[in-house]
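Results of the structural survey
Take a look at the letters that make up each chain.
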Amino acid sequence: MDFGLVLQTDPPASTVVELMRAGEDNGFGYGWTFDSCVLWQEPFVIYSSILAATSELIVGPMVTNPITRDWSVTASLFATLNDMYGNRTVCGIGRGDSAQRVIGRKPVTLAMLGESIGVIRDLAEGREIEREGTKVRLPWVRDGQLPVWMAAYGPKALRMVGELADGFILQTADPDIARWTIGSVRAAAEQAGRDPAEVRMCVAAPAYVGTDLAHQREQLRWFGGMVGNHVADLVERYGDEGSVPKALTDYIAGRQGYDYAHHGRAGNPDTEFVPDEIVDRFCLTGPASAHRDRLAELAELGVDQFALYLMHDQRERTLAAYGSEIIPAVR
């Protein structure tokens, strides 16, 4: 199993770079960031510094979207970083939650997202595409590589992952939800004539190593609220009796609203509806042994990477615990 570190690009950027460098020193192979350039600093500027400060770390957004930047801009950003640092980027992409909603727009359609995956990947890898009747190619790209991993929850999006994406990002560490979503992606890949084993499976969730479970829950309750934004969209689309498992949908019944000013942050006041049970299911808490047990369970389900959201009050301690007690044991 690979390990990734997920951070917000809060200023100062030097702290983000230093945490990513510490992540690589502790055995993390991927460095991911949020991508909402109103709420946080522009990540692609910071990626260059992260890549310069590390030797093998692969970096990218978790996740970008097809509308914040033109597809040619997104592809050129990745291709430029790859040319400078040697194909060490990955494109996590989705419909756009915080990046869109914070400026008063809705997430993009699945159709737009699906089209963008192929265009961004082809351009970043030096192939010619045709868009709106115009043929476009980045003529300076040489031997570019850009895997595109798609975030998804609902049946249609999961099908698209299996059909089009190089990897699947699931933003919850609940084994039951992982089993259903991974199975759906694999089935869609097989139906599309692809080898399901070629689609990388990434579970992304907060992790906090320690013994004060009540404090850990309060620090990580924000994650249930963040996931709840996506779940609310699913319930609106499919209904609460639809094809989405109740393990994912039932808990948002008490959800009232959401202020993106607190998005992804410990102490988010809009997440009081999230019960302790959801925090325990969606996140990794407790001592290092509990983390190892959950990761072993996820590995049995086919998870190739665990990406750790590090937004709480003991970042360095958890990072060190993963480096010394968890990653070596899991690997």
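Residues numbered from 1 in each chain as written. Predicted model: local features only at pLDDT ≥ 70, side-chain atom pairs only at ≥ 80, totals over all residues. Heavy atoms only, no water.

What about the packing of aromatic side chains?
Under the defined criterion, the tally for this structure stands at 14 aromatic pairs. Geometrically, the ring pair formed by Phe 3 and Tyr 322 is edge-to-face, given 6.3 Å between the ring centres and 70° between the ring planes. With Phe 3 in strand β1 (residues 2-7) and Tyr 322 in helix α12 (residues 315-330), the pair connects residues that are 319 residues apart, well separated along the chain. Exposure remark for Tyr 322: the relative accessible area of 0% places this residue in the buried category. For the pair Trp 222 and Phe 223, a centre-to-centre distance of 5.6 Å together with 85° between the ring planes defines the contact as edge-to-face. Exposure class is identical for Trp 222 and Phe 223. Each is buried. An aromatic cluster is present here, built from Phe 34, Trp 40, Trp 222, Phe 223 and Tyr 309 joined pairwise through their rings. Positioned above the aromatic ring of Trp 71 is the side chain of Arg 131, whose terminal nitrogen or guanidinium carbon lies 3.8 Å from the ring centre. (Phe/Tyr/Trp six-rings, centres within 6.5 Å; stacked < 30°, edge-to-face > 60°. Helix = DSSP H or I, 4+ residues; strand = E, 2+ residues; numbered from the N terminus. Buried < 20%, exposed > 50% of the residue type's maximum accessible area, 1.4 Å probe, protein only. Lys NZ or Arg CZ within 6 Å of the ring centre and 35° of its normal.)

Section: the nonpolar core
With 103 residues, the main nonpolar core has Met 62, Phe 306, Tyr 309 and Tyr 322 as its most contacted residues. Discounting chain neighbours no more than four positions away, the residues touching Met 62 are Val 6, Trp 32, Thr 33, Phe 34, Ile 169, Gln 171, Cys 202, Ala 204, Ala 307 and Tyr 309. (Core = buried A, V, L, I, M, F, W, Y, C linked by side-chain atoms within 4.5 Å. Contact = heavy atoms within 4.5 Å.)

Structural notes on the state of the cysteines
Scanning all chains against the criterion turns up 0 disulfides. Sulfur of Cys 202: no disulfide; nearest cysteine sulfur belongs to Cys 91 and is 13 Å away. For Cys 283, which is in no disulfide, the shortest distance to another cysteine sulfur is to Cys 202 and amounts to 15 Å. A residue is classified by how much of its surface remains accessible, and Cys 283, at 1% relative accessible area, is buried. (Disulfide = S-S within 2.5 Å.)

Topic: helix α5 (residues 110-124)
Owing to its 3.6 residues per turn, the α-helix aligns residues three or four sequence positions apart on the same side. For α5, which comprises 15 residues, the first-to-last C-alpha distance of 21 Å matches the rise-based estimate of 21 Å (1.5 Å per residue) to within 8%. Those residues of α5 lying buried are Leu 113, Gly 114, Ser 116, Ile 117, Val 119, Ile 120, Arg 121, Leu 123 and Ala 124. The inward-facing, buried residues of α5 abut α3 (71-85), β4 (91-93), β5 (129-131), β6 (134-136), β7 (148-151) and α6 (155-164). A positive phi of about 90° marks Gly 126, the residue just after α5. (Expected span 1.5 Å × (residues − 1).)

Looking at the sheet that holds strand β9 (residues 200-206)
Read across the sheet, 8 strands follow the order β3-β2-β1-β10-β9-β8-β7-β4 without closing on themselves; strand pairing throughout is parallel. Each of the sheet's edge strands pairs with one partner strand only, and the pair in question is β3 (58-61) and β4. Direction aside, neighbouring strands of the sheet carry axes that sit 25° apart on average. (Pairing = 2+ DSSP bridges. Axes fitted to C-alpha atoms, helices over the stretch in contact; angles between N-to-C directions.)

Regarding unusual backbone geometry
Here the bond from Pro 11 into Pro 12 is cis, since omega is 0°, no more than 30 degrees from zero. Turning to its location among the elements, Pro 12 is positioned in the loop between β1 and α1 (13-25). That bond from Met 62 to Val 63 is cis: its omega, 0°, falls within 30 degrees of zero. Turning to its location among the elements, Val 63 is positioned in the loop between β3 and α3. For Asn 87, which is not glycine, the phi torsion reads 50° and is therefore positive. Structurally, the position occupied by Asn 87 is in the loop between α3 and β4. A positive phi angle, close to 55°, is found at Asp 143, a residue other than glycine. By secondary structure assignment, the location of Asp 143 is in the loop between β6 and β7.

Notes on the pattern of salt bridges
One pass over the structure, following the stated rule, counts 19 salt bridges. Measuring nitrogen to oxygen at the nearest pair gives 2.8 Å for the salt bridge that ties Arg 265 to Asp 10. Taken together, the positions of Arg 265 in the loop between α9 (246-249) and α10 (276-282) and Asp 10 in the loop between β1 and α1 put the pair 255 residues apart, joining distant regions of the chain. Residue classification places Arg 265 among the partly exposed positions, given a relative accessible area of 29%. Close ionic contact of Arg 221 with Glu 218 constitutes a salt bridge, the shortest N to O distance being 2.5 Å. In this pair, Arg 221 and Glu 218 are both assigned in helix α8 (residues 213-238), 3 residues apart and thus about one turn of the helix distant. Judged by its relative accessible area of 47%, Glu 218 falls in the partly exposed class. Each of the salt bridges in this network shares a partner with another, and the network as a whole consists of Arg 217, Glu 218, Arg 221, Asp 276 and Asp 280. (Salt bridge = Lys/Arg side-chain N within 4 Å of Asp/Glu carboxyl O.)

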